[in-house]
Amino acid sequence: MPDYDDPAWRPLPVRPAAPRWLLLFPLTLVFLPLWWVVWIALMACFYGVAAVVQLVVYVLPRTEDGATRVLDAMLVRVPFIPRWCVTPVALVREGDSAYYRARVDRHIAGKTRRVETSHGLQRDLDLGVHYFRGAGAGYVLRVASEQGWDLHPVLRSHPRRRLRLRHSGRL
C-alpha cells in the first residue's frame, strides 16, 4: 500500500497563471493537432506490426502472452493527450480540488458500473494525471479502493503521471 504522506501522492502544485496562459496554452493549440497526427500514424504502424505478430502467434501459440504484453506496452507509452498539454478545463479549474474530486468520483463510479454490467470483463482502469491533478493520486486510490479497485498487480503506476487500477472482481 502506498505511503499517503509521500508528496508524490498529494495533489500536484498549482501552476502559475502566466506560464499557463502565455506558454502552455499556445503551445497546446499549435502542437496538439500535430501530436495527434503523429499519434494516429504511430497507431497505424503498431496495428501493422500487430498483424504480423498475429501471424507469428498462429504459428507459435505459446508466444501469445508475450506478444500481447509487448503491444500493450507500445500503445501505453504514447499518450493521446500528453502531459505538457493544458486543456481549457485545466486552465480554468487549476487549483480547484473540489472539481477534480467530483470528476474522479464520477469517473470511478461510472467505470465501476461498467465492470458490474460487463461481469468483470473490463476490469482495468487507466487514469492519466489530467483526471486527478487537483485531487491527488492518494485521493484517487482511496476512493477507488472503497469501490473494489486496487493498484494493478502487473502494470506500474506512477502517482505523478498515471494510475493503473484493476477491479478486484468482488461485485
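Small disclaimer: the values here were computed from a predicted structure and weren't measured.

Conventions and cut-offs
- Residues numbered from 1 in each chain as written.
- Predicted model: local features only at pLDDT ≥ 70, side-chain atom pairs only at ≥ 80, totals over all residues.
- Heavy atoms only, no water.
- Pairing = 2+ DSSP bridges.
- Helix = DSSP H or I, 4+ residues; strand = E, 2+ residues; numbered from the N terminus.
- Axes fitted to C-alpha atoms, helices over the stretch in contact; angles between N-to-C directions.
- Contact = heavy atoms within 4.5 Å.
- Salt bridge = Lys/Arg side-chain N within 4 Å of Asp/Glu carboxyl O.
- Buried < 20%, exposed > 50% of the residue type's maximum accessible area, 1.4 Å probe, protein only.
- Patch = residues over 30% accessible without salt bridge, like charges linked within 9 Å, V, L, I, M, F, W, Y side chains within 5 Å.
- Areas by Shrake-Rupley, 256 points an atom, 1.4 Å probe, with all protein chains shown as cover.
- Core = buried A, V, L, I, M, F, W, Y, C linked by side-chain atoms within 4.5 Å.

Caption draft 1: Molecular detail of the sheet that holds strand 1 (residues 124–128). Pairing in this open sheet of 3 strands is antiparallel, and the strands run 1-3-2 from one edge to the other. In this open sheet, the two edge strands, each paired with only one partner strand, are strand 1 and strand 2 (149–151). Along the sheet, successive strands turn relative to each other by an average axial angle of 35°, direction set aside. Pairing geometry for strand 1 and strand 3 (residues 162–167), over 5 bridges, is antiparallel. Looking across to strand 3, one finds that Asp 124 is bridged to Arg 166. Relative to the sheet, helix 4 (residues 97–117) contacts strand 1, strand 2 and strand 3, its axis offset from that of strand 1 by approximately 160°.

Caption draft 2: Region of interest: the pattern of salt bridges. One pass over the full model with this rule turns up 5 salt bridges. Among the salt bridges present, the one from Glu 94 reaches Arg 133, with a minimum N-O distance of 3.3 Å. Pair noted here: Glu 94 is in the loop between helix 3 (88–93) and helix 4 and Arg 133 is in the loop between helix 5 (129–132) and helix 6 (137–146), with a separation of 39 residues, a long-range link. For the pair formed by Glu 94 and Arg 133, the shared burial category is buried. A salt bridge links Arg 164 to Asp 126, with the shortest nitrogen-to-oxygen separation between them at 3.9 Å. With Arg 164 in strand 3 and Asp 126 in strand 1, this pair connects stretches of sequence that are 38 residues apart. The exposure class assigned to Arg 164 is buried, which follows from its relative accessible area of 13%.

Caption draft 3: View of a nonpolar patch on the surface. Together, Leu 23, Leu 27, Leu 29, Val 30, Phe 31, Leu 34 and Trp 84 line one region of the surface with nonpolar side chains, adding up to about 660 Å² of accessible area. Its location among the elements puts Phe 31 in helix 1 (residues 17–59). Looking at Phe 31, the relative accessible area reads 41%, which means it is partly exposed.

Caption draft 4: Region of interest: the pairing of strand 3. Pairing of strand 2 with strand 3 involves 3 bridges; the strand directions are antiparallel. Directly across from Trp 149, in strand 3, lies its bridge partner His 167.

Caption draft 5: Geometry of the side chain of Thr 28. Structurally, Thr 28 can be placed in helix 1. We classify Thr 28 as buried; its relative accessible area is 5%.

Caption draft 6: Molecular detail of the nonpolar core. One finds Val 104, Ile 108, Phe 132, Val 140, Trp 149 and Leu 165 to be the most contacted residues of the largest nonpolar core, which totals 25 residues. Residue assignment for this core shows that the elements contributing at least two residues are helix 3, helix 4, strand 1, helix 5, helix 6 and strand 3. Broken down by element, this core gets its largest block of residues, 6 residues, from helix 6. Residues in contact with Val 104, not counting those within four places in the same chain, are Tyr 131, Phe 132, Ala 135, Tyr 139 and Val 140.

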